[in-house]
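Understanding the architecture of this molecule
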Amino acid sequence: MAATFDEIGTVTADGTTTAIEVTGIDQTYDDLQVVFEFFIDDSSNPYTAYVSVNGDLAASTYNSDTMIGEGSGSYTYQEDYNSYAGWRILNCPSNSGSGTPYYWGNMIIDMMQYTATRQKAFIARHCTFNSVGTNSAIGGAGLGYRNTAAISSIKFSASANIGSGSTITVYGIKNS
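Rules used in this analysis
Residues numbered from 1 in each chain as written. Predicted model: local features only at pLDDT ≥ 70, side-chain atom pairs only at ≥ 80, totals over all residues. Heavy atoms only, no water. Helix = DSSP H or I, 4+ residues; strand = E, 2+ residues; numbered from the N terminus. Pairing = 2+ DSSP bridges. Axes fitted to C-alpha atoms, helices over the stretch in contact; angles between N-to-C directions. Buried < 20%, exposed > 50% of the residue type's maximum accessible area, 1.4 Å probe, protein only. Contact = heavy atoms within 4.5 Å. Polar contact = N/O pair within 3.5 Å; in protein donor to acceptor, adjacent residues only side chain to side chain. 1 Å grid on protein atoms, 1.4 Å probe; cavity = no way out; pocket = protein on both sides within 12 Å on 5 of 7 lines; lining within 4 Å. Points joined across faces, edges and corners; volume = space filled by probe spheres on them. Nonpolar A, V, L, I, M, F, W, Y, C, P; charged D, E, K, R; others polar. Core = buried A, V, L, I, M, F, W, Y, C linked by side-chain atoms within 4.5 Å.

What follows deals with unusual backbone geometry. The phi dihedral of Asn-54 falls on the positive side, at around 55°, and the residue is not glycine. By secondary structure assignment, the location of Asn-54 is in the loop between strand S5 (47-53) and strand S6 (62-70). At Gln-113, a residue that is not glycine, the phi angle is positive and equals roughly 50°.

Next up, the structure:
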């Protein structure tokens, strides 16, 4: 029997807040898949946003190893613990302050064994397109979370408003 995916939470931005968050995540699944579809309502292009879990803003609990291919070339970067209060998401598309997005960003994070009482490692994939082509990116990342608490909430945030219609959808996965 194949694994099953159940939608267990979704939040849609109304364009008036700098963060959206799914809370109260069901703890009875084996794994989670989190799908982000977004843009930032700001004139900066591209934009940087952040993903955090459990309301945890301690920079000492997040790290990532990321590979990105973008219009101006490819690069990799590593962000050790103590860098940011969440996982940094680069090259997020904005609407250049126009109110209407030119492009949307898409990101999926697979959170295997999200209830385990140990430090956790997750996988992220993202694709963003921007009105300035050299700022677009496609890539993947390994995300580290140095905390033993089960994942009960997931937050996407920026210093400008999250664009209206942007969503976080969380799927619970039961393995057979």
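Now for the sheet that holds strand S8 (residues 87-92). The strand order S2-S12-S5-S8 describes an open sheet built from four strands, whose pairing is antiparallel. Strands at the two margins of the open sheet, each flanked by one partner only, are strand S2 (19-22) and S8. With direction set aside, neighbouring strand axes in the sheet form an average angle of 20°. The pairing of S2 with strand S12 (residues 154-157) spans four bridges and is antiparallel. Note on S12: the bridge partner recorded for Ile-20 is Phe-156.

To continue, consider the side chain of Gln-33. Structurally, Gln-33 is set in strand S3 (residues 31-38). According to the relative accessible area criterion, Gln-33 is buried, its value standing at 17%. Those residues within four positions of Gln-33 in sequence are excluded, and the remaining contacts are Phe-5, Ile-108, Ile-109, Asp-110, Arg-125, Thr-169, Val-170, Tyr-171 and Ile-173.

Moving on, we get to the environment of Asp-56. Along the chain, the position of Asp-56 falls in the loop between S5 and S6. Asp-56 sits in the buried class, given a relative accessible area of 12%. The spatial distance from the C-alpha of Asp-56 to the C-alpha of Asn-147 is 9.3 Å, given a sequence separation of 91 residues. Every residue in contact with Asp-56, bar those within four places of it in the chain, is listed here: Thr-61, Tyr-62, Tyr-145 and Asn-147. At a separation of 3.2 Å, a polar atom in the side chain of Asp-56 contacts the side chain of Thr-61. Polar side-chain contacts of Asp-56 include one of 3.4 Å to the side chain of Asn-147.

A word on empty space enclosed by the protein. Per the stated rule, a full pass over the model turns up two cavities of 30 Å³ or more. Approximately 90 Å³ is the volume attributed to the largest cavity. Along its surface, the largest cavity is lined by 12 residues, and Thr-66, Arg-88, Ile-89, His-126 and Ala-141 are the ones closest to its centre. For the lining of the largest cavity, the elements supplying multiple residues, two or more each, are S6, S8, strand S10 (120-128) and strand S11 (137-145). Counted by class, the lining of the largest cavity contains eight nonpolar, three polar and one charged residues.

It is worth spelling out the nonpolar core at this point. Ranked by internal contacts, the top residues of the largest apolar core, which has 35 residues, are Phe-36, Ile-109, Met-111, Ile-154 and Phe-156. Among residues more than four places away in sequence, those in contact with Ile-109 are Leu-32, Gln-33, Val-34, Phe-36, Val-51, Phe-122, Ile-123, Ala-124 and Leu-143.

Time to look at the pairing of S11. Across the nine residues that make up S11, a large majority, seven, are buried. Relative to S11, S6 runs antiparallel, the two sharing nine bridges. By the bridge assignment for S11, Ile-68 is matched with Gly-139.

All right, on to the environment of Tyr-47 then. Among the structural elements, Tyr-47 can be located in strand S5. The buried category is assigned to Tyr-47, whose relative accessible area is 8%. Along the primary structure Tyr-47 and Ser-96 are separated by 49 residues, whereas in three dimensions their C-alpha atoms are 10.0 Å apart. Sequence-distant contacts of Tyr-47, defined by excluding residues within four places in its chain, comprise Ile-40, Asp-42, Ile-89, Leu-90, Asn-91, Cys-92, Ala-158, Ser-159 and Ala-160.

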